[in-house]
Amino acid sequence: MNLCKSDPVGEELSDRERQVLEAVVRTYVDSAEPAGSRTLAKSFELGVSPATVRNTMSDLETKGYLFHRHASAGRIPTDHAYRFYVNQIMRPLPLTEMEQKRLVQEIDGSSAVDRLVRRAIRALSLLSQELGVAMPPGLNKAIFERLELIQVSTDKILMVMTIRSGFVRTVYVDLPGEVRADVLTSVTQVLNERLGGLTLSEIRDTLPDRLRDVGAADGHQTHELLNIFMQSSSELFDWSPLKAREVQIGQTSVLAAQPEFNSGEQLKGLIELTEQRELLARVLGDREHTGGLQITIGNENAAEALSDFTLVTAEYRVGQLKGVIGVIGPTRMPYEKVIAIVDYTSTLVNNVLGL
């Protein structure tokens, strides 16, 4: 498994410092309680006394790997500690046969991309106990296949547009009045003939030119309806990241049960984060997955709203289009297990999509 992540920074650690740092991280991840020297010396085979562990922890704090909230408290890992742990110490844990089977059962049986991704992030949330997130592929470069126009009321039609990679988009188009059935058929035929095989960005940028020669001779209502499409092309065919690549989020209640969110203020911050869809869209849309997963920890995230969270994401593909799937959780997460779950889930999604 390739893990796409930043190189560790800072000083090299001695073998003892590495052992103590690993013990602190594991203890804090498991218990959400600061780690004390006596607890570490008793729980881990470090081969040294509690006093030596305490001195080593003090050295690690000086180097920026640990901190403590008050003088008598145990130590807590910093973002820098988690980064060193992920890059230099931990190894992803293989999923058990039962975990693999559960993911397969949750994801299998759906070929529609949107539904498949929703099932996948639900499975991610349940199995990892973190917040599943996904970004559908950007579709401005997707190929238009066909559309259908359906009259739903006297002043509204539904445009059902099919994209080559298996996506379907429905858009309501307002009309000045009722349109005859033969006009809808005529306009549908014109649009399919003129737009088939083009990318959505090409359609958006050139639609007026492609329909300009369709004149009033083709019928007043036909001409009028095509004019609506020409005037609204920038809206109807704009599938830019913030408008069309809507972030999908799993069950917030999974994260809400974790100790980091046991106060009303912390829980409020989590809920506010999940409501910032445009922010999450930018963050997920900017991620690079060359060679594997991407892991950003705490303050490594460009958005301040994510400074207390870790993002573990992988890429999935629908033809030439790329989407992102993964989890958001507190920096205190079981990285070995979460990384393995995200990696396996993205592989399953790609397999179901035919890659």
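My aim in this report is to walk through the structure given alongside it, one point at a time. Numbers given to residues run from 1 along each chain, matching the order in which its sequence is written. Local features in this predicted model are restricted to residues of pLDDT 70 or higher, and side-chain atom pairs are both shown and tallied only at a pLDDT of 80 or more, whereas totals for entire chains, interfaces and linings draw on every residue. For side-chain calculations, the full set of non-hydrogen atoms in the structure is used, while hydrogens and water are omitted.

A few points about the overall build of the protein
Step number 1: Helix and strand definitions here come from DSSP, where helices need a minimum of 4 consecutive H or I residues and strands a minimum of 2 consecutive E residues; each element is numbered from the N-terminal end. Secondary structure assignment for the protein yields 15 helices and 11 strands.
Step number 2: Taking the principal axes of its C-alpha atoms as reference, the protein extends roughly 95 × 40 × 35 Å.
Step number 3: Within the protein, buried positions represent 48% of all 355 residues.
Step number 4: Note on contacts: a residue pair qualifies if any of its non-hydrogen atoms lie within 4.5 Å across the two residues. In the protein, 64% of the contacts between residues at least 6 apart in sequence involve partners at least 24 apart.
Step number 5: The protein chains shown are the only cover counted for residues, whose accessible areas, like all others here, come from Shrake-Rupley with a 1.4 Å probe. Looking at the protein as shown, the accessible area adds up to about 17300 Å², and 46% of this sits on carbon and sulfur atoms.
Step number 6: In this count, Lys and Arg are taken as positive residues and Asp and Glu as negative ones, while His and the chain termini are left out. Charged side chains are reduced to one point each, which is NZ for Lys, CZ for Arg, CG for Asp and CD for Glu. For the protein, the distance from the average position of its 38 positive side-chain charges to the average position of its 47 negative side-chain charges is 4 Å. Burial classes follow relative accessibility: with a 1.4 Å probe on protein chains only, a residue under 20% of its type's maximum area counts as buried, one over 50% as exposed, and anything between as partly exposed.

Re unusual backbone geometry
Working note: non-glycine residues mostly have negative phi, and peptide bonds are mostly trans.
Step number 1: Positioned with a positive phi, Ala-32 is a non-glycine residue whose angle comes to about 60 degrees.
Step number 2: By relative accessible area, Ala-32 is classed as buried at 19%.

A look at the layout of surface pockets
Step number 1: Of the grid points, spaced at 1 Å and generated over the protein atoms alone, those admitting a 1.4 Å probe that cannot get out make up cavities, while open sets with protein on both sides within 12 Å along at least five of seven lines make up pockets; any residue with an atom within 4 Å of a point is treated as lining. Grid points are joined across faces, edges and corners, and a volume is the space filled by probe spheres set on the points. Volume-wise, the largest pocket comes out at about 690 Å³.
Step number 2: Taken together, the elements giving at least two residues each to the lining of the largest pocket come down to strand 3 (76-77), helix 4 (79-89) and helix 13 (264-275).
Step number 3: Looking at the lining of the largest pocket, the element that brings in the most residues is helix 13, giving six residues.
Step number 4: Of the residues in the lining of the largest pocket, the class split is 14 nonpolar, seven polar and nine charged. In this classification, the charged set is Asp, Glu, Lys and Arg, the nonpolar set is Ala, Val, Leu, Ile, Met, Phe, Trp, Tyr, Cys and Pro, and all remaining amino acids, among them Gly, are polar.

Digging into the pairing of strand 5 (residues 144-153)
Step number 1: Strands pair, by our definition, only if DSSP identifies at least two bridges between them. Where strand 5 lies against strand 6 (residues 156-163), eight bridges are found, and the strand directions are antiparallel. Each bridged residue has a counterpart across the sheet, and for Gln-151 the counterpart in strand 6 is Ile-157.
Step number 2: Hairpin remark: strand 5 followed by strand 6, antiparallel, with two residues in the connecting loop.

Some details on the pattern of salt bridges
Step number 1: What counts as a salt bridge is simple: a side-chain nitrogen of Lys or Arg found within 4 Å of a carboxyl oxygen of Asp or Glu. A full pass over the atoms with the stated rule returns 14 salt bridges.
Step number 2: Across the salt bridge formed by Arg-83 and Glu-300, the nearest N and O atoms sit 2.6 Å from each other. With Arg-83 in helix 4 and Glu-300 in the loop between strand 9 (293-297) and strand 10 (309-318), this pair connects stretches of sequence that are 217 residues apart.
Step number 3: Several salt bridges share partner residues, and in doing so they unite Glu-22, Arg-26 and Glu-336 into one network.

With respect to the nonpolar core
Step number 1: Grouping buried Ala, Val, Leu, Ile, Met, Phe, Trp, Tyr and Cys residues that are joined through side-chain atoms within 4.5 Å yields what is termed a nonpolar core. Counting 88 residues, the largest nonpolar core has Met-159, Leu-225 and Phe-229 as the members making the most contacts within it.
Step number 2: For Met-159, the contacting residues outside a window of four places in its chain are Leu-147, Glu-148, Leu-149, Arg-169, Thr-170, Val-171, Val-173, Phe-229, Leu-236 and Phe-237.
Step number 3: Met-135, Ala-281, Leu-284 and Val-324 belong to the second-largest nonpolar core, a separate cluster that totals 20 residues.

Observations concerning the sheet that holds strand 5
Step number 1: Taken together, the three strands give an open sheet; going across it, the order is 5-6-7, and neighbouring strands pair in antiparallel fashion. Bordering the open sheet on either side are strand 5 and strand 7 (168-174), each of which pairs with just one other strand. Direction aside, neighbouring strands of the sheet carry axes that sit 20 degrees apart on average.
Step number 2: Of the strands in this sheet, strand 5 and strand 6 are in contact with helix 7 (residues 181-195), which crosses strand 5 at around 160 degrees.
Step number 3: Lines fitted to C-alpha atoms define the axes, with helix axes restricted to the stretch in contact, and inter-axis angles between N-to-C directions lie between 0 and 180 degrees. Strand contacts of helix 9 (residues 220-231): strand 5, strand 6 and strand 7, with the helix running at about 60 degrees to strand 6, the strand carrying the most contacts.

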